[in-house]
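# Structural features, examined
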Amino acid sequence: MLRLDRIDVSYGRVQVLFGLSLNVSAGEIVCLVGRNGAGKSTAIKAIMGLLQISSGSIEMDGERISHYPPHRIPGLQIGLVPQGRRLFSELTVAENLEIGLMVRGGGRNVRQRALEMFPRLQERLDQIAGTLSGGEQQMLATARALCIEPRVLLLDEPTEGLQPSMTAQIRNAVLQLKKQEVGILLVEQRVDAVLALADRVYLIENGRNLRDYSGREINDTPELLIKHLGI
Amino acid sequence: MEFGPHFLLATLEGALTAAVLALTAVGLSVVFGIMRVVNVAHGEFFMLGAVIAWFVSTTVGIHPAVGFLLALVVAPVMVGFLAIVADQLVLRRLDYDPERTIVATIGLLYCIQQVTLMTFGPDARPVIPPFNQRIALPWFELGEQGFQVTWPWGFGVTTYKLAVIMFAVIILVGLWRFLARSKFGLIMRATQLDREMALAFGIPIERVYAIVFGLGAGLAALGAVLIVPIRQAHYLMGGEPLLLSFIVVIIGGLGSIPGTIMAAILIGLSDGIISVFFSPTLAKIIATLLVAFVLVYRPQGLFGRRLP
Ligand SMILES: Nc1ncnc2c1ncn2[C@@H]1O[C@H](COP(=O)(O)OP(=O)(O)OP(=O)(O)O)[C@@H](O)[C@H]1O
Ligand SMILES: [Mg+2]
């Protein structure tokens, strides 16, 4: 469904991604792992059109989208849960969700479905997003992305700085979305989180594909990842 | 005139200044807040509003009031449209870079000013107010015979001035509700908070910027149309509103609309009162000094929130 084919991305003169390829199919959980600075977030931003690629291509359903203006990407039902949450911090919970709903004109039922995954948010609709706890903020960032009814969801380190119970909630949400045939691209640092979920794993280093693993391989021999991530 | 009535008159003058200043400065404030563009040409949009108001009200020769009411709609719309064109031709090409857009809007300032000089000419031109009855005001005094009502000579306001103040309040309240409640207001606030995330949620921020720039210019033009029957149209009249708007926006806290309105009231009232009792120059000196103090001791503005 979503396909990156040998993309190069640079910040000014500094090239960060070198011929990176990956793809995500419907109902599949694909993990992207790599050390700090490997270029994981850069790849995510390139998919969203927030960074221009200098060669290669990005396709959704076989259609080339890498030349689209960025504001058209979410309309293709590609949802983003960015690193560091990036909520509209002075808007309320409800308003943050509203921004997501506007993408496809989703109504109350779309919002309701997003909220059902995170009932805590339901009671806090009028609270200012910036005053939520870290875990609640992550829930909201995820619910906001669900409001665009994504077919592909990009999650950039959703469990960063969360305690285990919160991590479990996010993981449950991801599994539930997988059942709904949503394709998931999950950026993770924590090997334990990757292990249980992944159908496939892309290990990248210095902006290049280093190795691909199946979920089975990783589960059998987690050392493969642990060694590379230097944990 | 005694001190009491005199002071009340000065306050009314100040309220008039505050009303027009609030409209103009809020225009500058939304442009800065949402686009991060310091629009040095803002005063020229004000001036254009006044000049267009003169043109419309003198060429549409039905009745001065009709011409003026027409100008009240036509001038802000035309100026707003011109600003959108400038945004598309200049600011967008510069990718809204905060520094380069300052230089670009300085260029825009001179372009607008000189074209106006070449077409409209160097003369100041009056616009007739649509209505202008004088209302004498009573004054109450506790004299030897108890409570007394007097009618001090020269103590009164014109209906036009009162109407301007009320109209400005209505527009500002309307704008506030628009920003807080409407869908486009929500889009504007989201864009202001995080433009990259706005894009990632499908908001076409360049279109939002164009509309915001048009809105900001339109507000300046509206302020000008309201004041032009009192102050006359002139091609150099943009300097003072620009200076005062900057003062107000800095004191109010950059990009904060409630702060801007509060600061406009503070500066407008003190300008009116100090001008009447002392001199307009002293009023400007005090306002400028206040800005210097705010910049040094409270850079987030008197009414702005402290930056984290
Ligand atoms: N805006 C930027 N300008 C210049 N260089 C950048 C920018 N953003 C990221 N980089 C550089 O690009 C490289 C990849 O960064 P990226 O954020 O994609 O890494 P990451 O894999 O997401 O790391 P982390 O796990 O720490 O989030 C890094 O070397 C970083 O310094
Ligand atoms: Mg990252």
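Keep in mind that what you see is a predicted model, and the values were worked out from it rather than measured. (Residues numbered from 1 in each chain as written. Chains lettered and ligands numbered in written order. Predicted model: local features only at pLDDT ≥ 70, side-chain atom pairs only at ≥ 80, totals over all residues. Heavy atoms only, no water.)

So, on to the interface of chain B and chain A. Contact residues are listed per partner, giving 19 residues for chain B and 22 residues for chain A. Buried surface at the junction of chain B and chain A, both sides included, amounts to about 1,900 Å², of which 72% is carbon and sulfur. The largest share of the area that chain B buries against chain A comes from L186, L193 and F201 of chain B, three residues that together contribute 35% of it. For the pair chain B and chain A, the number of links is four salt bridges. Across the pair R86 of chain A and E196 of chain B runs a salt bridge whose closest N-O atoms are separated by 2.8 Å. At the surface where chain B touches chain A, the tally comes to three residue pairs in polar contact (both at pLDDT 80 or more). Counting residues per element, the ones that place at least two in the side of chain B that touches chain A are α6 (183–193) and α7 (195–200) of chain B. (Contact = heavy atoms within 4.5 Å. Buried area = accessible area lost by both parts, 1.4 Å probe. Salt bridge = Lys/Arg side-chain N within 4 Å of Asp/Glu carboxyl O. Polar contact = N/O pair within 3.5 Å; in protein donor to acceptor, adjacent residues only side chain to side chain. Helix = DSSP H or I, 4+ residues; strand = E, 2+ residues; numbered from the N terminus.)

On to the domain arrangement of chain A. Residues and elements named next belong to chain A. What the domain assignment reports for chain A is domain 1 (2–77 + 150–229) and domain 2 (87–149). Here domain 1 packs against domain 2, burying approximately 1,300 Å² in sum over the two surfaces, 72% of which is carbon and sulfur. With six residues, helix α6 (residues 164–179) is the single largest residue contributor to the side of domain 1 that touches domain 2. Among the residues forming the side of domain 1 that touches domain 2, the class breakdown is nine nonpolar, five polar and one charged. (Domains from an automatic or database assignment. Nonpolar A, V, L, I, M, F, W, Y, C, P; charged D, E, K, R; others polar.)

Around the magnesium ion (ligand 2), the protein supplies S41 of chain A (OG) and Q83 of chain A (OE1) as donor atoms, at distances of 1.9 to 2.2 Å. Of this pair, S41 of chain A sits in helix α1 (residues 40–47) while Q83 of chain A sits in the loop between β6 (78–81) and α2 (93–104), and the two are 42 residues apart along the sequence. (Donors = N, O, S within 2.8 Å, 3.2 Å for Na, K, Ca; no water.)

Take α1 of chain A next. Residue and element names in this part refer to chain A. Of all eight residues in α1, six are buried; the element is thus mostly enclosed. For α1, the set of buried residues is K40, T42, A43, I44, A46 and I47. Downstream of α1 by a residue or two, G49 has a phi angle that is positive, lying close to 80°. (Buried < 20%, exposed > 50% of the residue type's maximum accessible area, 1.4 Å probe, protein only.)

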